[in-house]
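Structural overview
Below are the chains, spelled out letter by letter.
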Amino acid sequence: MKLSPWAKEQGVSYRTALNWFHAGKLPVPARQLPTGTILIDPPVREPGVTVAYCRVSSPEQKPDLERQAGRVLTGAGERGLSIDRTITEIGSGPGGRHEKLRKLLADPTVTTIVMEHRDRLASFGVEYLEAALSAQGRRIVVLDDSEVLDDSGVADDLVREMTEMLTTMCARLYDHRSAPRRAAAGVRAAQAEPGEPT
């Protein structure tokens with residue numbers, strides 16, 4: 001397979017894949033022909049389909065999707081896993097709004113799902129998904145099981161996801177228009193120091 005279709009299949013740009021090749025960091029075996037064409041050598045495949053799943057929470061984070069896909073491809077290669085395709089998605093919060101993830105989980109031909117961090121799959125209940133997939137002979141591979149922290153030391157996306165969860169719950173209890181305001185008040189109360197007005 002040529003480098004360009006391989007890069008497209010993996011969710012990275014051709015330029016990124018070319019840079020990896022020249023830096024010796026391409027996560028799959030490749031060679032360059034005298035004509036300059038770069039060919040990806042077909043790797044030894046495990047039975048079933050192995051898919052990388054990469055997700056960011058908002059459209060503002062879209063540039064990180066390609067970087068995340070690159071890290072997953074590299075990490076999978078280091079573990080001897082060959083990725084058949086990469087699924088990227090933008091979305092966050094509870095409520096099953098990850099349409100591509102739902103299709104991926106429902107596809108019985110996908111035997112291995114590889115992701116960078118556990119929270120890219122789901123905010124809560126990943127162990128139940130792992131158990132259900134394991135019962136079908138499928139598995140989830142998490143490349144980095146440590147908690148992701150932002151620059152201030154707070155768990156990445158935690159406040160945003162907490163706000164979304166509170167908004168969802170407030171919308172069920174109250175009317176939909178007041179739910180975001182009530183959720184924001186709940187987050188402010190949770191972040192306030194004891195005795196500090198909210």
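A brief look at the structure comes next. Values in this document were obtained by computation on a predicted structure and should not be read as measured data.

The rules we used
- Residues numbered from 1 in each chain as written.
- Predicted model: local features only at pLDDT ≥ 70, side-chain atom pairs only at ≥ 80, totals over all residues.
- Heavy atoms only, no water.
- Helix = DSSP H or I, 4+ residues; strand = E, 2+ residues; numbered from the N terminus.
- Polar contact = N/O pair within 3.5 Å; in protein donor to acceptor, adjacent residues only side chain to side chain.
- Contact = heavy atoms within 4.5 Å.
- Core = buried A, V, L, I, M, F, W, Y, C linked by side-chain atoms within 4.5 Å.
- Buried < 20%, exposed > 50% of the residue type's maximum accessible area, 1.4 Å probe, protein only.
- Pairing = 2+ DSSP bridges.
- Expected span 1.5 Å × (residues − 1).
- Axes fitted to C-alpha atoms, helices over the stretch in contact; angles between N-to-C directions.
- Salt bridge = Lys/Arg side-chain N within 4 Å of Asp/Glu carboxyl O.

1. Let's talk about the side chain of Arg 138
- Along the chain, the position of Arg 138 falls in the loop between helix H5 (126–135) and strand S6 (139–142).
- Polar side-chain contacts of Arg 138 include one of 2.7 Å to the side chain of Gln 136.
- When near neighbours in sequence (up to four residues on either side) are disregarded, Arg 138 contacts Leu 104, Leu 105, Asp 107, Pro 108, Val 110, Thr 111 and Leu 133.

2. Structural notes on the nonpolar core
- Among the nonpolar cores identified, the biggest contains 25 residues, and Leu 3, Trp 6, Val 12, Leu 26 and Val 114 are the most heavily contacted of them.
- Put simply, the parts of the chain that give this core at least two residues each are helix H1 (3–10), helix H2 (14–23), strand S2 (38–40), strand S3 (49–56) and helix H3 (62–78).
- With five residues, H3 is the single largest residue contributor to this core.
- If we skip the residues at most four places from it in the chain, Val 12 touches Ala 7, Ala 17, Trp 20, Glu 66, Ala 69, Gly 70 and Leu 73.
- One finds Val 49, Val 51, Val 110 and Ile 113 within the second-largest nonpolar core, a separate group that totals 15 residues.

3. Some remarks on the pairing of strand S5 (residues 110–115)
- Of all six residues that make up S5, six are buried, and the element is covered over most of its length.
- Where S3 meets S5, four bridges bridge the pair, whose relative direction is parallel. The partner of Val 49 across the bridge, within S5, is Val 110.
- Note: S5 against S6, four bridges, orientation parallel. From the neighbouring strand, Thr 112 faces S6, where its bridge partner is Arg 139.

4. What to know about H3
- A rise of 1.5 Å per residue sets the reference length of H3, with its 17 residues, at 24 Å; its end C-alpha atoms lie 25 Å apart and thus fit the reference within 8%.
- By the burial criterion, the buried members of H3 are Leu 65, Gln 68, Ala 69, Gly 70, Val 72, Leu 73, Gly 75 and Ala 76.
- Along its buried surface, H3 packs onto H1, H2, S3, strand S4 (85–90) and S5.
- Residue Gly 80 follows H3 closely and has a positive phi angle near 80°.

5. Notes on the sheet that holds S3
- If you walk across this open sheet you meet the four strands as S4-S3-S5-S6, and the pairing is parallel. In this open sheet, the two edge strands, each paired with only one partner strand, are S4 and S6. Going from strand to strand, the sheet's axes swing by 25° on average, the running direction of each strand aside.
- Packed on one face of the sheet, H3 meets S3, S4 and S5 and runs near 145° to S3.

6. Considering the pattern of salt bridges
- Tallied over the entire structure, the rule returns six salt bridges.
- In this structure, the salt-bridge partner of Arg 102 is Glu 99, at a minimum N-O distance of 2.4 Å. Highlighted residues: Arg 102 and Glu 99, both in helix H4 (residues 99–106), separated by three residues, approximately one helical turn.
- Bridged by salt links that share partners, the residues Asp 64, Arg 67, Arg 71 and Glu 116 form one connected network.

7. Details of the environment of Ala 184
- Residue placement: Ala 184 occurs in helix H7 (residues 179–191).
- As for Ala 184 and Leu 166, which are separated by 18 residues in sequence, their C-alpha atoms are 8.2 Å apart.

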